Amino acid sequence: MLNYCLVGSALELPLPYIISCLSVAEVITCSSTMGNSIAEKARNVPIDTVFKFPSPLPAWPSGGGFAKGSINLGELEVCQISTFTKVWATHEGGDDNLGATFFRPSQIPAGYFMLGCYCQANNKPQFGWVLAARSRVDDGVEVLKKPLDYTLVWSSESQKIKQDGNGYIWLPTAPEGYAAVGHFVTNSPEKPSLDEMRCVRSDLTEPCENDNRIWGASSRNGSDLNVYILRPKSRGTQAQGLSVGTFTAQIGETKPPLACLKNKDLNLSAMPNLDQIRTIMQAYSPWIYFHPDEDYFPSSVSWFFNNGAQLYKQGDPTPQPIDATGSNLPQGGSNDGAYWLDLPVDKSAKDKVKKGELQTSECYLHVKPILGGTYSDLATWVFYPFNGPVRAKVGVLNISLGKIGEHVGDWEHVTLRVSNFTGELWKVYLSEHSRGAWVDASGLEFEGGNKVVAYSSLHGHAFYPKPGLVLQGSEKAGIGIRNDAAKGKERMECGARFSVVAAEYLDAIVGPPWLNYARVWGPKITYDTAAEIRKVEKLLPGKLKTSVENLVKSLPTELLGEEGPTGPKMKNNWNGDEA
């Protein structure tokens, strides 16, 4: 497993949204009935501010159900609620030791019902939602039912923590054949009213799993509380489960019997049409900044082919030139090693192609449904003809690892996850070699309105949301592969030149032939990795030699440079969720 660590002035990833904390001379007076609440100075924290995009959202082109405010799930209709009333907060523990706040959804439209409460860590601006639901069935079949009762899951009364009064987390008792999809939170020990929320018929729900941890509290008897975001267990373009935006309060190893919703019809009626996709890209498309010392830039695929890229076949020593669209590439199949691409044979042409051509580079867009068609993922793929060598940080030393890291063909991507309820950008996935990280919209940098800023690391082309240094390796030992990101003069506007190469729900989109090429975009590297390591070890004292050798061995294949990568359609995230 690769670890991301904080080095020097580099920022830890994924990045929290950080603002200054100010002291406010406000004393919280607590009565004797308020348990362990204590009088203290309140302080402003990021969650006290509601996140807003720098610019207003665009006017969405007409057509279909995109950004209409509600989505038809078959027998249920759901809408997204992002207005909340604060119920209870704690001011320690969790991310940055700032605690968490629990909210109840407010301003729910007439006819819709609350399904659960919302919780968020205090270290970032308020930016979240929960779903409310109403029945679309008029024949007397009850899709939504009141809970039979509530069970107290956890209370903060015995907690010696900084908090606003006491908090109580309740689990609805669902009628037989129904399921709860969220908790209820109060600041009073009295049970909530049964009229306050609804449970959902079980056949309209899906199994859930824990996502990121929000907050937790310890207990003397070992029954610690951990609060997690909930997400569907099965996720992908064909999966029916969708997030409700609620959380789960887990005591010890016991998981509450909560479920997610299911889009029973999965008709994808809320997915954006082609005009709406173009508007999304105009609104949010990434600005990619390159390091000032970058040598290897992106290009369009056609430029790569037209400037001498070669197709090799196993057993045939004579390579073939490639048509501009890749029409003569083998189609389909699997990565069986029978074919591979490589740079031009001529040295001067090879050196030229390695550097890419930023001025005519193009982004390739795959638009796909996610979370039961309630969100659209716009995976924005960028192609680099060549990936440069890596550098390592060994204590205070920065050393070159020779040819290690070099390979032909490098595919990286930035995925925009956009709400089909409103058209708002929810979060962004930044690929980092063979892995990556999600960053909430509230933690992103924007430029030119609501356009996302991403930073491409030097030579390796991993994407990060902020400039700085990220190490892959051991933080404790101070040894790792350098990923340096900085705002150089060169940048790429993905919204200026892009093509939609795939959107399987739209009949009008026909992808280019190169998209169906299943083999690698670069040859298997034949250099001796051990020899490259030995060159480096000569410069190091004995104790560090083994550490460097272990570091190199831990690198993923694509970063190590032993084999070129496959294309976008062959990645697991093409039909599945991001890692």
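Reading the values: rules and limits
- Residues numbered from 1 in each chain as written.
- Predicted model: local features only at pLDDT ≥ 70, side-chain atom pairs only at ≥ 80, totals over all residues.
- Heavy atoms only, no water.
- Phe/Tyr/Trp six-rings, centres within 6.5 Å; stacked < 30°, edge-to-face > 60°.
- Helix = DSSP H or I, 4+ residues; strand = E, 2+ residues; numbered from the N terminus.
- Buried < 20%, exposed > 50% of the residue type's maximum accessible area, 1.4 Å probe, protein only.
- Lys NZ or Arg CZ within 6 Å of the ring centre and 35° of its normal.
- Pairing = 2+ DSSP bridges.
- Axes fitted to C-alpha atoms, helices over the stretch in contact; angles between N-to-C directions.
- Disulfide = S-S within 2.5 Å.
- Contact = heavy atoms within 4.5 Å.
- Salt bridge = Lys/Arg side-chain N within 4 Å of Asp/Glu carboxyl O.

Draft legend 1. The packing of aromatic side chains, seen in detail. Counted under the stated rule, the structure contains 37 aromatic pairs. Relative to F127, the ring of F53 lies with its centre 6.3 Å away and its plane at 85 degrees, an arrangement referred to as edge-to-face. In this pair, F53 is assigned in the loop between β3 (41-43) and β4 (70-72) and F127 in the loop between β9 (118-121) and β10 (130-135), connecting sequence segments 74 residues apart. For F53, a relative accessible area of 12% corresponds to the buried category. Within the aromatic cluster, the residues linked to one another by ring pairs are F304, F305, Y364, W381, F383, W411, W514, Y517 and W521. In this structure, K354 is placed above the aromatic ring of F386, and the distance from its NZ or CZ to the ring centre is 4.6 Å.

Draft legend 2. Structural detail: the sheet that holds strand β24 (residues 316-321). If you trace the three strands from one edge of the open sheet to the other, you get β24-β23-β25, paired in antiparallel fashion. Because the sheet does not close on itself, it has two edges, and the strands there are β24 and β25 (339-342). For this sheet the average axis-to-axis angle between neighbouring strands, irrespective of direction, equals 30 degrees. Both strand β23 (residues 310-313) and β24 contribute to a ladder of three bridges, which runs antiparallel. Bridge assignment links L311 to a residue of β24, and that residue is Q320.

Draft legend 3. Local environment of the state of the cysteines. In this structure the tally under the stated criterion is one disulfide. Shown here is the disulfide that connects C208 with C260, its sulfur atoms set 2.0 Å apart. Judged by the sign of its S-S torsion, about 125 degrees, the bond between C208 and C260 is right-handed. You can see C208 sitting in strand β17 (residues 205-217) and its partner C260 sitting in strand β21 (residues 259-262), a full 52 residues away along the chain. Both residues of the pair, C208 and C260, belong to the buried class. Among the cysteines around C117, which has no disulfide bond, C119 carries the closest sulfur, lying 9.9 Å off.

Draft legend 4. Up close: the environment of V227. One can find V227 in strand β18 (residues 225-232). Since its relative accessible area comes to 0%, V227 is described here as buried. For the pair V227 and C119, spaced 108 residues apart in sequence, the C-alpha to C-alpha distance is 8.4 Å. Leaving out residues up to four positions away in the same chain, V227 has contacts with F102, C119, N212, R213, I214, W215, F247 and T248.

Draft legend 5. Inspection of the side chain of N573 at higher detail. Its location among the elements puts N573 in the segment after α6 (557-560). Exposure remark for N573: the relative accessible area of 9% places this residue in the buried category. Look past the residues within four positions of N573 in its chain and what remains in contact with it is K368, W381, H413 and E578.

Draft legend 6. Expanded view of the pattern of salt bridges. Under the counting rule described, the total for this entry stands at 27 salt bridges. Across the salt bridge formed by K262 and E206, the nearest N and O atoms sit 3.7 Å from each other. Taken as a pair, K262 in strand β21 and E206 in strand β17 lie far apart in primary sequence, 56 residues in all. Each member of the pair, K262 together with E206, is buried. Of the charged contacts in the structure, one is a salt bridge between D484 and R482, with a shortest N-O distance of 2.7 Å. Under the relative-accessibility criterion, R482 is labelled buried at 14%. When salt bridges with common partners are traced through the structure, they connect E209, D211, R231, R235, D377, R417 and D577 into a single cluster.

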